[in-house]
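# Structure assessment
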Amino acid sequence: MGRDLRGKVAVITGASAGIGKATAEAFARAGSRVVLGARRHDRLERVAEGIRASGGEALPVVTDVAEAGQVEGLVGRAVAAYGRLDLLVANAGIGYFARVEETPLEVVERLWQVNVLGTLHAIRAALPVMRRQGAGLLIVVSSVSGKRGSPGSGLYAATKFAQVGLCEALRVELAGSGIAVSVVLPVGTSTEFFEAAAAQGGLRVEPMGPVQTAERVAAAIVRCARRPRPEVLVYPPARLLVILNALAPRLADALLLRFRRRLLGDRLPGPP
Ligand SMILES: NC(=O)c1ccc[n+]([C@@H]2O[C@H](COP(=O)([O-])OP(=O)(O)OC[C@H]3O[C@@H](n4cnc5c(N)ncnc54)[C@H](OP(=O)(O)O)[C@@H]3O)[C@@H](O)[C@H]2O)c1
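Now for a description of the structure that goes with this document.

Scoring rules and cut-offs
Residues numbered from 1 in each chain as written. Predicted model: local features only at pLDDT ≥ 70, side-chain atom pairs only at ≥ 80, totals over all residues. Helix = DSSP H or I, 4+ residues; strand = E, 2+ residues; numbered from the N terminus. Rg over C-alpha atoms; globule rule 2.2 N^0.38 Å. Buried ≥ 20, exposed ≤ 12 C-beta atoms within 10 Å, placed from the backbone. Contact = placed C-beta atoms within 7 Å. Near = placed C-beta within 6 Å. Nonpolar A, V, L, I, M, F, W, Y, C, P; charged D, E, K, R; others polar. Pairing = 2+ DSSP bridges. Axes fitted to C-alpha atoms, helices over the stretch in contact; angles between N-to-C directions. Right-handed = clockwise from strand over helix to strand, strands pointing away.

### A word on the overall build of the chain
Regarding its fold elements, the chain presents 9 helices and 9 strands. For 272 residues, the compact-globule formula gives about 19 Å, and the C-alpha radius of gyration of the chain, at 18 Å, lands near that figure. Taken along its principal axes, the extent of the C-alpha atoms in the chain is 65 × 40 × 30 Å. Here the chain holds 272 residues, and the buried ones make up 44% of them. Residue pairs in contact within the chain that sit at least 24 positions apart in sequence constitute 70% of those at least 6 positions apart.

### Side note on the site of the ligand
Near the ligand lie 32 residues; those nearest to it are Gly14, Gly18, Arg39, Arg40 and Gly93. Elements represented by at least two residues in the shell around the ligand include exactly α1 (18-29), β7 (188-190) and α6 (193-199). Residue contributions to the shell around the ligand peak at 3 residues, all from α1. Counted by class, the shell around the ligand contains 15 nonpolar, 12 polar and 5 charged residues.

### Remarks on the sheet that holds strand β9 (residues 231-233)
Read across the sheet, 7 strands follow the order β3-β2-β1-β4-β5-β6-β9 without closing on themselves; strand pairing throughout is parallel. If you trace the sheet from one side to the other, it starts and ends with β3 (57-62) and β9, each paired once. Neighbouring strand axes in the sheet, compared pairwise and without regard to direction, differ in orientation by 15 degrees on average. Of the pairings in the sheet, the one linking strand β1 (residues 9-13) to strand β2 (residues 33-38) comprises 5 bridges and is parallel in character. Each bridged residue has a counterpart across the sheet, and for alanine 10 the counterpart in β2 is valine 34. On top of the sheet, helix α5 (residues 154-173) reaches β5 (136-141) and β6 (179-185); it is set at about 155 degrees to β6, its chief contact.

### Overview of the pairing of β3
Bridge count for β2 against β3 is 6 bridges, and the pairing is parallel. The partner of valine 35 across the bridge, within β3, is leucine 59. Handedness of the β2-helix α2 (residues 41-53)-β3 crossover: right-handed.

In structure tokens form, the structure reads like this:
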């Protein structure tokens, strides 16, 4: 069963939809008190009301993770309300689908601000509280795209790689502090993610390869909170791609060429 999550205080970013919403609901079902951060006030309120209606405790705090001050405010509200912070789930994120050479610079900057700096702001806001406590768990929601880039999502993948690198460094920096760090790597998940990405421009795509539910990712995150692990591959067979890419990147390229054809409408190289 692992750690008891009853009474624990969990801050979850991107909790108004998708994986973050499902994660907040799953932690609340496990008895944790959840503090929900995202930009859309109405959606956050609805998630919080649903949790309270089921007997849970939830505090919605409107937050843009790209703004360091707002993320500090989110963690500050959690500590003011509940006196501590046991878990941070840095989940808020956005995507964009286009070739690397066709991704506008302002989109690249926004991807970086939300996915990388947003994660960093959350970690930096949580760490002083967890250091004072001598305990805590940081969970970062990256992606299998943070282990292997795919055609059509290179700049998104770059932000997901950055999250993985950040977590790897932090794990060692924080060893012995009582604070653990986990990175979660979902495959394609049926949420509003692809719709939200298309609304920013670029390609309108569906998840490719295996598709899982947000609830499945949330269950993996809660399992990780009970028994922290450095890295969680929500769809375990995805490990094969990670290993293949580490050992034989050319073979991984060949595998991903079919995505290039499907996503970007390219002819494959070779004889006509
Ligand atoms: N869906 C997938 O296939 C997939 C696969 C692998 C990894 N992931 C990762 O999983 C995480 C969650 O994605 P999802 O699939 O649940 O997407 P989603 O359904 O689009 O939800 C994204 C969440 O992030 C929030 N968000 C976006 N920009 C924000 C900002 N600037 N400040 C605060 N919150 C912000 C959104 O809330 P507001 O709009 O209300 O701010 C929403 O709650 C992301 O990090 C994503 O990279 C997703």
